[in-house]
Amino acid sequence: MQSGTHSCERTLEVASDYLDGCLSDQQRSAIEAHLGACADCHRSVAELRVTLALLSELREPSVLAGSEASALRAYNNYFPEPDVPDDLADWTSVKRIWGELVELPLREQRLAIRERGLYLDPFLCDWLVTRAKRVSSINPNSAVSIAEVALEIARQREARFGESRRLILALDALAWCLVTLREFPPAAAVLRELGDLCDAVDVGSEEKAGYLATKGVYYSEIGQFREAEACLAQALEFRRKSGRRRAVVCELVNLAGAMLCGGESGKALELFREAASLTNVEQDP
């Protein structure tokens, strides 16, 4: 169907930019003229608007702060102790260990991790991995620093105990934070190491899905959308098998975004609709 200067296909291709306010006044007027005349596109864009609003609730809180310091305060108020692993009984000990470690300069931190077994606490490593990914949405520079500390702990644990799982998770967290910071060459290097490690050891489905998702987002950010789709589709399959609805929704959104950028607006809209249907379920296991 055609209306004004915009076809239905073109309208759906730029729908996300339209809703984000990224179009020129002329482009916006043309889109709105088409939406006023095309009931199908009007309904599709309305559904996309609702979907994006719902999905924003699954992501990190929107922090409209004037500085990184105030953004971090907002983050800490919103997540006072949110990123504690479920099996962490003694949260206070992790806070104490991290409090000691964070007071040291970066070089001394690394030396301390290598020389003192106290800082090889597995729960501290898990907490830093999770916190790095969460902080990346509001302060990517800080997130990279946190991920680097987690990686140093994970490397030492792998060297001493042969523990690969935490090293995979820490590498994935650092790659994710570097992509968020748009530091693509170092992100590519970390992803290569992560891929080699995943090929060399027995990797669980969650770890594999995380690696594929991060790699897919990296490809999407550098404009290689077909490669992004391939990785994200594999990650989505792993997430579906896990049964974790929130993880499935996130992968649906990532894959839909890559498809939308790659010109596959129809398929992207189907995925957005599926994600919206999942967010409407009251309880998220």
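Source: prediction; values computed, not measured.

About the criteria used
Residues numbered from 1 in each chain as written. Predicted model: local features only at pLDDT ≥ 70, side-chain atom pairs only at ≥ 80, totals over all residues. Heavy atoms only, no water. Axes fitted to C-alpha atoms, helices over the stretch in contact; angles between N-to-C directions. Helix = DSSP H or I, 4+ residues; strand = E, 2+ residues; numbered from the N terminus. Parallel < 35°, antiparallel > 145°, perpendicular 65-115°, else oblique. Left-handed = near helix turned anticlockwise from the far one by under 90°. Contact = heavy atoms within 4.5 Å. Nonpolar A, V, L, I, M, F, W, Y, C, P; charged D, E, K, R; others polar. Buried < 20%, exposed > 50% of the residue type's maximum accessible area, 1.4 Å probe, protein only. Expected span 1.5 Å × (residues − 1).

(A) Spatial organisation of the packing of helix H12 (residues 205–221) against helix H13 (residues 225–242). Taken N-terminus to C-terminus, the directions of H12 and H13 make an angle of 155°; their axes are 8 Å apart at the nearest point. Taken as axis vectors, H12 and H13 run roughly antiparallel relative to one another. As for the relative orientation of H12 and H13, their crossing is left-handed in sense. Of the residues in H13, those touching H12 at Ser205, Glu206, Lys208, Ala209, Gly210, Leu212, Ala213, Lys215, Gly216, Val217, Tyr219 and Ser220 are Phe225, Glu227, Ala228, Cys231, Leu232, Gln234, Ala235, Phe238, Arg239 and Ser242. For the contact of H12 with H13, the residue count by class is 11 nonpolar, 6 polar and 5 charged.

(B) Structural detail: the side chain of Glu152. Summarising the element assignment, Glu152 is placed in helix H9 (residues 140–161). Classification of Glu152 as buried rests on a relative accessible area of 10%. For Glu152, the contacting residues outside a window of four places in its chain are Arg110, Ile113 and Arg114.

(C) Inspection of H13 at higher detail. Given a rise of 1.5 Å per residue, 18 residues ought to cover 26 Å, and the 25 Å separating the end C-alpha atoms of H13 matches this to within 8%. Here H13 has its buried residues at Ala228, Glu229, Cys231, Leu232, Ala235, Leu236 and Arg239. Where H13 is buried, its residues touch H12 and helix H14 (245–261). Directly after H13, the chain includes Gly243, whose backbone phi takes a positive value near 80°.

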